[in-house]
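Coordinate inspection notes
One-letter residues, chain by chain:
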Amino acid sequence: MPKFYLTTPIYYPSGKFHIGTAYTTALADTIKKYKQLRGYEVYFLTGMDEHGQKIQQVAEKAGKTPQQHVDEMAEGAKKLWELMEIDYDDFIRTTETRHEKAVEEIFDRLMEQGDIYLSEYEGWYCMPCETYFTETQLVDGKCPDCGREVKKMKEESYFFNMKKYADRLIKFYEENPNFILPESRKNELFNNFLKPGLEDLCVSRTSFDWGVKVRKDPKHVVYVWLDALTNYITALGYLSEDDTLMQKYWPADLHLVGKDIIRFHGIYWPIFLMALNLPLPKQIYAHGFIMMKDGKMSKSKGNVIYPEPLIERYGLDAFKYFILREMSYGQDGTFTPEGFVERFNFDLCNDLGNLLNRTIGMINKYFNGKVENYPNNCSNLDKEVENFSNGIIHQVEEDLDTYHISNAISETWSLISRTNKYIDETAPWVLYKEEKLDELKSVMYHLVENLRRIAILIAPYMKYTSKKILEQLSIPENLQTWDSLSSYKEIKNLKVTEKPEVLFARLEADIEIENIKNMMK
Ligand code: MSP
């Protein structure tokens, strides 16, 4: 069985997870489910990045020890992933012994082999990002990543000799043009960071102690990014007694990250791996941000939206449909209450829900719920729909294989639209009236066949809806698999349900828009 190792970033437990964090995780879960449907053995890792000054401060403010704070946050995170039915295989926390021990060891080794050396660092430090910047990197004197105030700081630090590996990484980029996705991000990293020459990276701190201590110099704690990035291998048992998973799954097939952390994943992480003599991950995909009408989500603006109330009110499938569709490949997307309600009412109720309902209603009315088999004499229009449908399947697979999830969803919805239009074009009620029963049978067959395909295509991200469609149409199990997408003529002697269940009940737009606005905090 082919293997696939997939990771999300490990999240900072500095605040409750919002829909942005939920997006990365839902995306990963969708990819996992798709890969499984394609016959892969998938290992999906997520977790939490629990060290660092900021976490220490947040805990202190709440009157808790950092450990208490991160324990509570980890519980909250797991609850959210349960609500979202995220099927991860491991949840790593950087405060776990299995991780800390390996990080200590990694730091030691890198020191011993001369990649890490002691020196002094002076620079502009952004506390929330836990990153130093040089004067020239600042934007209007502020942090270039988050736009907040920075502080001039100086401390004795260990440094990682990045320069030593820079040429090797440049060569790797050249030989592996699809290493970083999308290409625009790769070009950015290559031209703005790699080519001008890498600075050595400061990899320890003395200004706080909530972190992994450097074994040979315990007043230093390991810089949070060296600590964090290594989670992808410590979770597989790297340097532990049992490294079966490491042998089986490393290198990762895909690291999913947000665009804000691509630099750490695309430059520092591969270099750390080179220093450890490990193979590099196969691909890193950087997605965009979920934005709000008035910019980034932030508590001070009161525009943060959390997944729980949306899922509780509108269901998991609708929530995932919205966030995955709204985020085009590598681009930012926007969450608005109006947009959410519109997609719910139009895409889900009208387009998909009505298609199913109309189809089942007609089959019951015209043929007592029965669909016999693939018709002998299809009309040109029937054939056109069949061809269109074949084309969509091909396209959706290509999109999913290249992580263009939003495109895959739009393609699927264009099949839904085409099928709805086919009903209008063939006007089954007229065929019935005119007693053209063979033609009418053919139309019903094509409707059911396309609904079957649609149900399978949405399965990786809309499990419940997919199941409901297949159940209401009474599709046999062997025609529910991804592989069965390639067939079009296999349906035989179906009896659809007599009582179709509504997939999505239409929302009262004004009321629900208000409701969602009230969910924002
Ligand atoms: N702890 C680091 C990652 C270490 S990985 C070795 C971190 N954590 S984070 O909690 O700040 O962010 C985690 C992920 O959430 C990042 O990929 C980030 O891009 C993503 N997002 C945070 N806000 C987001 C949106 N509004 N929209 C989409 N993704 C967003 O960085």
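I will try to describe carefully the structure that is included in this document. (Residues numbered from 1 in each chain as written. Predicted model: local features only at pLDDT ≥ 70, side-chain atom pairs only at ≥ 80, totals over all residues. Heavy atoms only, no water.)

1. Details of the layout of surface pockets
What counts here: Cavities and pockets are defined on a 1 Å grid built over the protein atoms alone: a cavity is a set of grid points where a 1.4 Å probe fits but cannot escape, while a pocket is an open set with protein on both sides within 12 Å along at least five of seven lines, and lining residues are those with an atom within 4 Å of any such point. Grid points are joined across faces, edges and corners, and a volume is the space filled by probe spheres set on the points. Only runs of H or I of at least four residues qualify as helices and only runs of E of at least two qualify as strands under DSSP, and these elements are numbered from the N terminus.
The computed volume of the second largest pocket comes to approximately 520 Å³. In terms of lining, the second largest pocket is formed by 24 residues, of which the most central are Tyr132, Thr134, Gln137, Glu199 and Tyr268. Broken down by secondary-structure element, the contributors of at least two residues to the lining of the second largest pocket are β4 (116–126), β5 (131–133), α6 (183–194), β8 (201–202) and α10 (262–275). Among the elements that take part in the lining of the second largest pocket, β4 stands out by supplying four residues, more than any other.

2. Focus on the sheet that holds β8
Note the threshold: A pair of strands is labelled paired if DSSP reports no fewer than 2 bridges between them.
Strand order in the open sheet formed by four strands is β5-β4-β6-β8, with antiparallel pairing between adjacent strands. Of all the strands in the sheet, just β5 and β8 have a single pairing partner and so form its edges.

3. Overview of empty space enclosed by the protein
Selection rule: Ten residue types, Ala, Val, Leu, Ile, Met, Phe, Trp, Tyr, Cys and Pro, are classed as nonpolar, four, Asp, Glu, Lys and Arg, as charged, and the remainder, Gly among them, as polar.
The tally for this structure, following the rule as stated, stands at three cavities of 30 Å³ or more. Every residue along the wall of the largest cavity is listed here: Lys33, Glu85, Leu316, Asp317, Lys320, Lys463 and Tyr464. Among the elements of the structure, α12 (316–326) and α18 (463–472) are those that each provide at least two residues to the lining of the largest cavity. Broken down by element, the lining of the largest cavity gets its largest block of residues, three residues, from α12. Looking at the lining of the largest cavity residue by residue, the class counts come to two nonpolar, no polar and five charged. Each pocket or cavity is described by its volume, and for the second largest cavity that value is around 40 Å³. The wall of the second largest cavity is formed by Tyr23, Leu27, Tyr285, Leu324, Met327, Ser328, Tyr329, Tyr403, His404, Ile405 and Ser406. Counting only elements with at least two residues in the lining of the second largest cavity, the list comes to α1 (19–37) and α15 (405–426).

4. A look at the site of the ligand
So the rule is basically this: In these notes, residues near a molecule or strand are those with any non-hydrogen atom within 4 Å of it. Any pair of nitrogen or oxygen atoms within 3.5 Å is treated as a polar contact; in protein, a donor-acceptor pairing is required on top of that, and neighbouring residues in sequence qualify only through side-chain atoms on both sides. Here the accessible surface of atoms and residues is derived via Shrake-Rupley with a 1.4 Å probe, and residues count as covered only by protein chains that are part of the display.
Not every one of the 22 residues close to the ligand is listed here, only the nearest: Ile10, Asp49, Gly258, Asp260 and Ile290. With respect to the ligand, the backbone of isoleucine 10 contributes an N or O atom lying 2.8 Å from a nitrogen atom. Across the complex, the protein chains shield 90% of the 660 Å² of accessible surface that the ligand would expose by itself. At the level of secondary structure, the elements contributing two or more residues to the shell around the ligand comprise β1 (3–11), α7 (224–229), α8 (231–234) and β11 (254–258). Residues of the shell around the ligand, tallied by class, amount to 13 nonpolar, seven polar and two charged.

5. Description of the pairing of β11
The line we're drawing: Burial classes: relative accessible area under 20% of the type maximum marks a residue as buried, over 50% as exposed, and values in between as partly exposed (1.4 Å probe, protein chains only).
By the criterion of burial, β11 is predominantly enclosed, with five of the five residues buried. Side chains Leu254, Leu256 and Gly258 project from β11 onto one buried face, and the interleaved His255 and Val257 project onto a second face that is buried too. Relative to β11, β1 runs parallel, the two being bridged by two bridges. If you follow leucine 6 over to β11, its bridge partner there is leucine 254. Inspection of the sheet shows β11 paired to strand β12 (residues 284–287) by four bridges, in the parallel sense.

6. Considerations on helix α17 (residues 437–458)
Applied cut-off: Between the first and last residue of a helix there are one fewer steps than residues, each counted as 1.5 Å, and that sum is the expected span.
The terminal C-alpha atoms of α17 lie 32 Å apart, and with 22 residues this matches the ideal 32 Å at 1.5 Å per residue to within 8%. Burial within α17 is extensive, with 18 of its 22 residues counted as buried.

7. Brief notes about helix α2 (residues 53–61)
Quick note on the threshold: To obtain the arc, one takes the directions from the helix axis to the C-beta atoms.
Within the sequence span of α2, burial applies to Gln53, Ile55, Gln56 and Ala59. Relative to the axis of α2, the buried residues are bounded by an arc of 165° and lie together on one face. Taken from the residues just after α2, glycine 63 is the one with a positive phi, measuring 70°.

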